[in-house]
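Spelled out from the first residue to the last, the chains are:
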Amino acid sequence: MPHFRPISVCLLSLFAFTSQMSSLRGQTSESGTGDTTTRFGTIDAAVADEWAALVLGAIDTEFPNKLSLVYVDADQIKTPQENFPAFYGCFDWHSSVHGHWLLARLLRTHPTMQTAPRIRTALAAHLTQENIQRETEFFCRDEHKTFERMYGWAWYLRLVIELDGWDDTDAQIWRENLRPLEALFVERITAYLPLLTFPIRTGQHTDTGFALGQILDYARAMQLAPLEQLVIDRAGAFYRNDVDYPVQYEPSGHDFFSSGWNEADLMRRVMPTAAFVRWLEKFVPDVAVQLSDGTIAPVHVSDLTDGKLVHLAGLNLNRAWCLRSVANALPDDHRLRQPMLDSAAKHLAAGLAYVNSGHYEGDHWLATFGLYALTQASEGTQASENGHE
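Residues numbered from 1 in each chain as written. Predicted model: local features only at pLDDT ≥ 70, side-chain atom pairs only at ≥ 80, totals over all residues. Heavy atoms only, no water.

Focus on the overall build of the protein chain
And then number 1: When its secondary structure is counted, the protein chain shows 18 helices and zero strands.
And then number 2: Classification of the 389 residues of the protein chain by burial places 57% in the buried group.
And then number 3: If you take every contact in the protein chain between residues at least 6 apart in sequence, the share linking residues at least 24 apart comes to 76%.
And then number 4: For the protein chain, the exposed surface amounts to about 15,600 Å²; the carbon and sulfur share of it is 54%. (Helix = DSSP H or I, 4+ residues; strand = E, 2+ residues; numbered from the N terminus. Buried < 20%, exposed > 50% of the residue type's maximum accessible area, 1.4 Å probe, protein only. Contact = heavy atoms within 4.5 Å. Areas by Shrake-Rupley, 256 points an atom, 1.4 Å probe, with all protein chains shown as cover.)

Quick word on the pattern of salt bridges
And then number 1: Applying the stated rule across the entire model yields 16 salt bridges.
And then number 2: For arginine 158, the salt bridge goes to aspartate 217, with nearest N and O atoms at 2.6 Å. Here the residue arginine 158 occupies a position in helix H7 (residues 151-164), and aspartate 217 occupies one in helix H10 (residues 208-221), the gap between them amounting to 59 residues. Here the two residues arginine 158 and aspartate 217 agree in accessibility, since each one is buried.
And then number 3: As a salt-bridge pair, glutamate 263 and arginine 201 come within 3.1 Å of each other at their nearest N and O atoms. Taken as a pair, glutamate 263 in helix H12 (residues 259-270) and arginine 201 in the loop between helix H9 (179-192) and H10 lie far apart in primary sequence, 62 residues in all.
And then number 4: Here arginine 201 falls in the partly exposed class, since its relative accessible area comes to 40%.
And then number 5: Overlapping salt bridges, with partners in common, bring together Arg158, Asp217, Asp265, Arg268 and Arg269 in one network. (Salt bridge = Lys/Arg side-chain N within 4 Å of Asp/Glu carboxyl O.)

As for the side chain of aspartate 168
And then number 1: Relative to the helices and strands, aspartate 168 resides in the loop between H7 and helix H8 (169-177).
And then number 2: Since its relative accessible area comes to 16%, aspartate 168 is described here as buried.

Some thoughts on the packing of aromatic side chains
And then number 1: By the definition in use, this model includes 36 aromatic pairs.
And then number 2: Between phenylalanine 210 and tryptophan 321, the aromatic rings sit 6.5 Å apart at their centres with planes inclined by 50°, giving tilted as the arrangement. Of the two residues, phenylalanine 210 sits in helix H10 while tryptophan 321 sits in helix H15 (residues 311-328), which places them 111 residues apart along the sequence.
And then number 3: Residue classification places phenylalanine 210 among the buried positions, given a relative accessible area of 4%.
And then number 4: Looking at tryptophan 321, the relative accessible area reads 1%, which means it is buried.
And then number 5: Grouping aromatic residues by their ring pairs yields a cluster made of Trp101, Tyr151, Trp155, Phe210, Phe256, Phe257, Trp321, Trp365, Phe369 and Tyr372. (Phe/Tyr/Trp six-rings, centres within 6.5 Å; stacked < 30°, edge-to-face > 60°.)

Digging into the environment of aspartate 293
And then number 1: Position of aspartate 293 relative to the elements: it lies in the loop between helix H14 (287-290) and H15.
And then number 2: On the basis of relative accessibility, which here comes to 46%, the residue aspartate 293 falls in the partly exposed class.
And then number 3: Among the polar contacts made by the side chain of aspartate 293, one reaches the side chain of threonine 295 at a distance of 2.7 Å. (Polar contact = N/O pair within 3.5 Å; in protein donor to acceptor, adjacent residues only side chain to side chain.)

Thoughts on the confidence of the model for the protein chain
And then number 1: Here the protein chain shows a mean pLDDT of 90. Residues at 70 or above account for 87%.
And then number 2: Low pLDDT, under 50, characterises residues 1-29; the predicted model gives this stretch 57 contacts beyond four residues in sequence or across chains.
And then number 3: Contacts of residues 31-37 to residues separated by more than four positions or lying in other chains number 13 contacts, the stretch itself having pLDDT below 50. (pLDDT = per-residue confidence, 0-100.)

A few points about helix H11 (residues 225-239)
And then number 1: With 15 residues, H11 extends 21 Å from end C-alpha to end C-alpha; this agrees with the ideal 21 Å at 1.5 Å per step.
And then number 2: Of all the positions in H11, only Leu227, Leu230, Val231, Ile232, Arg234, Ala235, Gly236, Phe238 and Tyr239 are classed as buried.
And then number 3: At its buried positions, H11 is contacted by H9, H10, H12 and helix H13 (273-283). (Expected span 1.5 Å × (residues − 1).)

Regarding the packing of helix H2 (residues 45-59) against helix H18 (residues 366-375)
And then number 1: Contact pair H2 / H18: the axes reach a minimum separation of 10 Å and the direction vectors enclose 145°. When you trace H2 past H18, the crossing you get is left-handed. Contacts from Trp51, Leu54 and Val55 in H2 reach Ala367, Gly370, Leu371 and Leu374 in H18.
And then number 2: For the contact of H2 with H18, a count of residues per class yields six nonpolar, one polar and no charged. (Axes fitted to C-alpha atoms, helices over the stretch in contact; angles between N-to-C directions. Left-handed = near helix turned anticlockwise from the far one by under 90°. Nonpolar A, V, L, I, M, F, W, Y, C, P; charged D, E, K, R; others polar.)

Dropping the structure here:
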């Protein structure tokens, strides 16, 4: 749904872009290109405040809203906030959830930034015991058992991870409040994964590789050995024997994920280094050439007001975090490591240029992808060398 903005707003957005990109200068980079514009690592307080303000507005914006629901009777037809008193904003449920993750992460890493009091107030208002209980009751209904499976569920578990290890009184209250819906999602995942005969390979929400990576991080963070083993087993069954991934067929026009790189980002979590290197060289045997001939390159968004076409901005950021994580899982002297890091830096710069554009089609979700790519939330969850082949 197009949203028309006055020229003044567009100019302000352009100024915000310039300020944001300038604020990212000087942070540590692994790229050997000499590019000083965009850096992986922590973001400074100015950018954190910009992104927090963007999301703070979105989580309380109930409309426009996309409700992909199954109704069994007319009494179920309600407004977004009536269905989801915690996660009703940001256009859709999953974007609201990962918007709350962004706010929690920024508050945790930048506790003195200007927007910190507003973030604390907003999280306290949204993540109440009553609100989460009402959402749990909604998800418990049989007709909603596939709602947000598994993309939204995975982001909810990422929010749990963020709050769980935070030594903050408010954060621990919010974390406890999340438990009922968390338990339901774990139960649903445990029941669903053995029934999923084939992985879902897509550049959009239902991609299996992305969800399994997030769930695996959660299982390890919470020390849930049975769930961890289930994900490892399913990842192996789905992907262990994959070879010659058709990199040249990505992206599709509405992609915000690279299914192939999500898969690689998952498998570097599952396999010890030596096994992962062997797997990767069979999975993308021509990747050295594809990283340099334009096959794997940042993509342009032709229309920021088109909610599907703007997905490509997220693709840049998704590739950035996957390429970096995969590169860092390789030995230091591996021939693909530096080319992947260089490509990751280019994709990061291209993706960040679309965050906070002034158009809600992207603004309701892209800051999350930007923060995740910059701070590499899952990078530390490598398989141990005694892990699974």
